[in-house]
Amino acid sequence: MEEPFEDEDGSLAVTIGEDAPARLDKALAAAVPEDAALSRSRLMRMIAEGAVFRDGQAVTDPKAKVAKGEVYTLRLDPAVEVATLPEDIPLSVVWEDADLIVIDKPAGMVVHPAPGSPSGTLVNALLHHCGDTLSGIGGEKRPGIVHRIDKDTSGLLVVAKSDRAHHGLARQFEDHSVNRHYLAVVHGVPSGTDPRLRGLKGVSFEAGGILRIATHLARHKTDRQRQAVVWEQGRHAVTRVHVVEAFAGQAALVDCWLETGRTHQIRVHLAYAGHGLVGDQTYGGKKRLGAALGQGAALGNAFSRQALHAATLGFDHPVTGERLEFSSPLPTDMAGLIEALRAG
């Protein structure tokens, strides 16, 4: 059994190593045990709050010079309650342990409270569901949101319950090692034989007919609620798309997987490629399915949300190292749409 990294009184002793950075905040960030899961931003707050001591005296200057062999004591206060209120909202829990929880989110639920959605969110529900099992994220008793899916997108997401899980999951999202596949219904059928698509900047085809879309994404210049494809600024974004099933040449069920995870990435990339998601009122444009699809066209044209579902999620457990893979079946509305499109 491993020794605990903190003392019984909730403090942590850190010894400055031989090749440590010269200033306190950087030296502590390099010296604290990985299991303590103390980010540099949290260490900065602890220094400012007088929770870092040398020889019994608080050191509040993050730029204070350190020396090899000095011992600093970090006071690890219990996680504080947050202002967000717990709400008894039913959740579909796929996996849960002391460090993380995997949720199958329904369409219509916002992940995090915001000015327009102060309650009824996944975070409100998690605060109620997890209760005292939340050990604290950054010193606050709250769930650690490491990725999000849009309000009207359904499917899987993982949430940290402890600092050590939060750091470990965040690293995996940063290095793009998390396996995320989404199922979507799009207008048209993406094809490598389409000269328009082959001539589009940032678009290429890989072995097996896989469509690769690589652009930068940034906030839209005039509509701050939207994202847009850009080239000189923004953040690098890569989406891959594979056609699973085509419907009369007018629509397709596609499997999308993310190399990066930017806001609205799949929706923006597929719209840019001319294959916007069915039901997407923000990026789908005015495209409509034709009469050849019969009842499928009627359902698709009236679909009340973007037809997008986070179907697969895989990652290494940030504490145990176990590889975890989860899948979520299509929700009723998308499954019904696909059946109608098949029937024509």
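Residues numbered from 1 in each chain as written. Predicted model: local features only at pLDDT ≥ 70, side-chain atom pairs only at ≥ 80, totals over all residues. Heavy atoms only, no water.

Let's shift gears to the overall build of the protein chain. Along the backbone of the protein chain there are 8 helices and 16 strands. For the protein chain, the spread of C-alpha atoms along the principal axes amounts to about 80 × 45 × 40 Å. Counting the 344 residues in the protein chain, one finds 43% classified as buried. Carbon and sulfur atoms provide 49% of the accessible area of the protein chain, an area that totals close to 16900 Å². Looking at charge distribution, the protein chain has the averaged site of its 37 positive side-chain charges lying 11 Å from that of its 43 negative ones. (Helix = DSSP H or I, 4+ residues; strand = E, 2+ residues; numbered from the N terminus. Buried < 20%, exposed > 50% of the residue type's maximum accessible area, 1.4 Å probe, protein only. Areas by Shrake-Rupley, 256 points an atom, 1.4 Å probe, with all protein chains shown as cover. Lys, Arg positive; Asp, Glu negative; His and termini not counted. Charge placed at Lys NZ, Arg CZ, Asp CG, Glu CD.)

So, about the pairing of strand 4 (residues 71-75). Residues Tyr-72 and Leu-74 point to one face of strand 4 and are all buried, whereas Val-71, Thr-73 and Arg-75, pointing to the other face, are not buried. Of the pairings in the sheet, the one linking strand 1 (residues 11-15) to strand 4 comprises 5 bridges and is antiparallel in character. From the neighbouring strand, Ser-11 faces strand 4, where its bridge partner is Arg-75. Sheet topology places strand 2 (residues 52-54) next to strand 4; 3 bridges connect them, and they run antiparallel. Looking at the pairing, Val-52 lines up with Leu-74 of strand 4. (Pairing = 2+ DSSP bridges.)

Let us look at the layout of surface pockets. In this structure, the largest pocket spans a volume of roughly 1500 Å³. What lines the largest pocket is a set of 45 residues, among which Arg-148, Asp-150, Arg-262, Thr-263 and His-264 lie closest to the centre. The set of elements that each furnish at least two residues to the lining of the largest pocket consists of helix 4 (163-174), strand 9 (179-187), strand 11 (210-219) and helix 6 (265-272). Looking at the lining of the largest pocket residue by residue, the class counts come to 15 nonpolar, 17 polar and 13 charged. (1 Å grid on protein atoms, 1.4 Å probe; cavity = no way out; pocket = protein on both sides within 12 Å on 5 of 7 lines; lining within 4 Å. Points joined across faces, edges and corners; volume = space filled by probe spheres on them. Nonpolar A, V, L, I, M, F, W, Y, C, P; charged D, E, K, R; others polar.)

Another point: the sheet that holds strand 2. Adjacent strands of a sheet form backbone hydrogen bonds with each other and so pair up, either parallel or antiparallel. Read across the sheet, 4 strands follow the order 1-4-2-3 without closing on themselves; strand pairing throughout is antiparallel. Every interior strand has two partners, whereas the edge strands, strand 1 and strand 3 (57-58), have only one. Note: strand 2 against strand 3, 2 bridges, orientation antiparallel. Each residue of the ladder has a partner; that of Phe-53, found in strand 3, is Ala-58.

Counted by the stated rule, this structure contains 1 cavity of 30 Å³ or more. Volume-wise, the largest cavity comes out at about 40 Å³. Of all the secondary structure elements, the ones that give two or more residues to the lining of the largest cavity are strand 9 and strand 15 (308-316). When its residues are assigned to classes, the lining of the largest cavity shows 4 nonpolar, 3 polar and 1 charged.

This part covers helix 8 (residues 332-343). Over its 12 residues, helix 8 runs 16 Å from end to end, which matches the ideal 16 Å to within 8%, given 1.5 Å per residue. Every buried residue belonging to helix 8 is among Met-334, Leu-337, Ile-338, Ala-340 and Leu-341, and all of these are buried. End-on, the buried residues of helix 8 take up no more than an arc of 160°, which puts them together on one face. Summarising the geometry of helix 8, the exposed residues directed more than 90 degrees from the buried face are Thr-332 and Ala-343. Among the structural elements, strand 9, strand 13 (235-247), strand 14 (251-258), helix 7 (295-301) and strand 15 are those in contact with the buried residues of helix 8. Downstream of helix 8 by one or two residues, Gly-344 has phi in the positive range, about 70°. (Expected span 1.5 Å × (residues − 1). Arc of directions from axis to C-beta. Contact = heavy atoms within 4.5 Å.)

This paragraph deals with the confidence of the model for the protein chain. The predicted model of the protein chain has a mean per-residue pLDDT of 88, with 90% of residues at 70 or higher. Here residues 1-9 is a poorly scored stretch, pLDDT under 50, and it has 8 contacts once near neighbours within four places are set aside; other chains count. (pLDDT = per-residue confidence, 0-100.)

This part covers unusual backbone geometry. A positive phi angle, close to 55°, is found at Asp-55, a residue other than glycine. Mapped onto the fold, Asp-55 is located in the loop between strand 2 and strand 3. Its identity is not glycine, yet His-176 carries a phi of approximately 60°, on the positive side. Within the secondary structure, His-176 is located in the loop between helix 4 and strand 9. Owing to a relative accessible area of 40%, His-176 belongs among the partly exposed residues under this scheme.

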